[in-house]
Amino acid sequence: MDAFLLIPIVLPMFFGALLLFFSFREKNTAPGGRRERARLCLYVSAVLGISVALALAAAWSGDRELVLFTLFEGVPVYFHVDALGRLFVTVVSLIWVLSALFAFVYMKHEGKEKRYYGFYLILYGVLVALDFSGNLVTMYLFYELTTLVSMPLVLHNGTREAVMAALKYLFYSMCGAYGGLFSVFFLYRYSDSLNFAPGGTLNQAAAQGHEGILLIAVFAALVGFGAKAGMVPLHAWLPTAHPVAPSPASAVLSGVIVKSGVLAVVRVVFYVAGTDFLQGTWVQYVWMTLALLTVFMGSMLAYREQIFKKRLAYSTVSQVSYIMFGLSLLTPDAFTGALLHVVVHAVVKCGLFLTAGVFVYRFGYTRAEELGGIGKKMPKTMWCYLLLSLTLVGIPPTGGFVSKWYLAEGALQSGTGVFSWLGPVVLLVSALLTAGYLLPIAMKGFFPGSEHLQGLEEPHGIEEPGEGAQAHSSRKALGPELSPAMLVPLVVLAALAVWLGVFPGPVSEYAARIATAVF
């Protein structure tokens with residue numbers, strides 16, 4: 001028993017709740033408003049910094065476990081730190097800190113900062129609990145709680161569009177979670193334990209003769225938990241929710257929250273059901289089909305979309321299904337590539353959504369065609385955007401190239417018939433489409449035509465539903481580049497995207513060790 005595991009879970013939840021229910025004034029224009037904002041940012045920084053330090057200490061100081069209480073016989077609410085949980089909690093912590101730093105500047109124009117940071121802190125504690133979950137029931141409880149606590153970030157602005165998007169997110173996530181719950185019932189009946197163990201805990205003797213219903217149960221989990229990951233057919237909430245949420249919220253939704261669906265799928269397939277049970281079954285082939293369909297469809301829709309944040313949302317639909325396809329191949333190399341892409345995509349998509357926030361914050365620009373010539377005014381921001389875009393396309397020597405190399409190798413060696421070559425082909429087509437919807441923005445940003453050079457001196461642009469009229473009406477003439485609080489996260493994320501390709505060894509070797517354990 002190790003009660004230390006509870007501290008990084010409870011601490012941000014408790015102080016986030018305090019922020020929601022007690023007084024921090026939000027009137028930035030009132031006397032002392034700047035001082036109150038400074039106090040608020042200091043409060044959030046202190047709570048988040050301590051929580052992140054404790055979460056990483058708990059994750060990397062050896063295997064820890066804690067039984068909190070027992071729901072019923074053989075099913076406790078149970079936390080256990082393992083290799084997979086360490087990887088995910090590290091990614092969550094990194095993205096959470098950088099997005100918070102960006103939000104300290106960005107959110108002052110969105111308003112309602114106290115509420116935003118309150119839910120932001122609570123959500124971090126919930127995600128740490130999700131990553132540290134030691135069995136399927138505990139994971140399911142915090143998976144549901146992740147939806148409930150992240151929904152206020154989507155409806156933050158309170159517009160009709162934001163409320164409808166939040167309800168759509170809630171509906172899709174809850175429907176998907178019920179599919180996961182259906183699988184929990186049957187896996188409990190035919191498994192030795194619901195505790196996570198590499199290779200699975202399914203009792204082959206007990207499952208004999210019931211393979212049909214068990215395959216349906218696992219498939220229900222794949223589709224259900226795949227809703228959070230944006231996999232067809234429950235993907236439509238992503239392009240609705242992202243454009244209306246504040247950009248720092250979109251960054252964590254795309255970089256981290258969608259990965260909770262990936263984590264749930266990994267836990268069900270590789271830590272409970274086991275790969276031997278699914279290898280060669282109709283579930284594997286339908287899963288591969290849905291993943292590849294999502295990869296192609298998401299890329300095509302992103303290519304056609306002109307609203308920049310919506311384009312990035314469709315990109316997330318596509319890129320997260322790279323991960324799902326790698327998992328569906330059920331091979332060590334593909335599994336390694338999938339975990340690498342979890343890290344790479346979290347870094348890149350967080351950075352791209354923060355970049356979209358820069359365009360909204362500085363100029364009110366929300367559409368791709370408005371961004372011509374912006375590199376002349378914001379060269380550092382656009383260089384970060386370019387590096388992040390090259391990583392998402394998969395250009396060497398970035399991290400995206402390494403993760404996609406593992407995915408392609410895993411597919412070619414998988415022995416899955418047509419999918420062995422169809423997978424790499426779809427990934428290549430998707431990469432070309434990704435280049436088509438990301439790189440022209442950088443090209444026109446640095447090399448605009450004469451028609452784009454006018455109008456960049458003063459902030460202007462159309463208002464996007466959800467980004468808040470206050471953000472646009474309160475702008476003043478700004479300096480030539482961003483404040484350090486907004487620029488530093490972009491630089492760090494862009495540097496990490498390249499570092500993961502130049503020095504992939506530590507992360508790829510760690511992912512390979514996890515793959516070795518589960519196969």
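Everything below is about the structure printed above this text.
Residues numbered from 1 in each chain as written. Predicted model: local features only at pLDDT ≥ 70, side-chain atom pairs only at ≥ 80, totals over all residues. Heavy atoms only, no water.

Draft legend 1. Representation of the overall build of the protein chain. Across its full length, the protein chain holds 21 helices and two strands. In terms of C-alpha radius of gyration, the protein chain reaches 22 Å, essentially the compact-globule figure of 24 Å for 519 residues. Projected onto the principal axes, the alpha-carbon positions of the protein chain cover approximately 70 × 50 × 40 Å. Burial statistics for the protein chain: of 519 residues in total, 61% are counted as buried. (Helix = DSSP H or I, 4+ residues; strand = E, 2+ residues; numbered from the N terminus. Rg over C-alpha atoms; globule rule 2.2 N^0.38 Å. Buried < 20%, exposed > 50% of the residue type's maximum accessible area, 1.4 Å probe, protein only.)

Draft legend 2. Molecular detail of the packing of helix α16 (residues 379-393) against helix α20 (residues 484-502). Running from amino to carboxyl end, α16 crosses α20 at an angle of 30 degrees, the nearest separation of the two axes being 9 Å. Relative to α20, α16 is oriented roughly parallel. Here α16 and α20 pass one another in a crossing that is left-handed. Contacts from Lys380, Thr381, Cys384, Leu387, Leu388 and Thr391 in α16 reach Leu487, Leu490, Val491, Leu493, Ala494, Ala497 and Val498 in α20. Considered class by class, the residues forming the contact of α16 with α20 number 10 nonpolar, two polar and one charged. (Axes fitted to C-alpha atoms, helices over the stretch in contact; angles between N-to-C directions. Parallel < 35°, antiparallel > 145°, perpendicular 65-115°, else oblique. Left-handed = near helix turned anticlockwise from the far one by under 90°. Contact = heavy atoms within 4.5 Å. Nonpolar A, V, L, I, M, F, W, Y, C, P; charged D, E, K, R; others polar.)

Draft legend 3. Broad picture of the nonpolar core. Among the nonpolar cores identified, the biggest contains 183 residues, and Trp96, Val262 and Leu327 are the most heavily contacted of them. For this core, the element with the most residues is helix α14 (residues 332-363), which contributes 21 residues. (Core = buried A, V, L, I, M, F, W, Y, C linked by side-chain atoms within 4.5 Å.)

Draft legend 4. Spatial organisation of the environment of Thr275. One can find Thr275 in helix α11 (residues 275-278). Each C-alpha atom of the pair Thr275 and Ile257 lies 25 Å from the other, and the pair is 18 residues apart in sequence. Contact partners of Thr275, with chain neighbours within four places excluded, come to Val269, Phe270, Leu330, Val518 and Phe519.

Draft legend 5. Main features of the packing of aromatic side chains. Counting across every chain of the model gives 27 aromatic pairs. Where Trp96 meets Tyr120, the ring centres are 4.7 Å apart and the plane angle is 20 degrees; that geometry is what we call stacked. Here Tyr120 lies in helix α4 (residues 113-132) and Trp96 lies in helix α3 (residues 83-106), a separation of 24 residues in the sequence. A relative accessible area of 0% places Trp96 in the buried class. A relative accessible area of 1% places Tyr120 in the buried class. Measuring from ring centre to ring centre gives 6.0 Å for Tyr106 and Tyr361, while their planes differ by 35 degrees; the resulting arrangement is tilted. Highlighted residues: Tyr106 in helix α3 and Tyr361 in helix α14, separated in sequence by 255 residues. Given the relative accessible area of 2%, Tyr106 is considered buried. For Tyr361, a relative accessible area of 9% translates into the label buried. (Phe/Tyr/Trp six-rings, centres within 6.5 Å; stacked < 30°, edge-to-face > 60°.)

Draft legend 6. A look at helix α5 (residues 136-154). Over its 19 residues, α5 extends 27 Å from the first C-alpha to the last, a length consistent with the 27 Å expected when each residue adds 1.5 Å. Burial of α5 is extensive: 16 of the 19 residues sit out of reach of the surface. (Expected span 1.5 Å × (residues − 1).)

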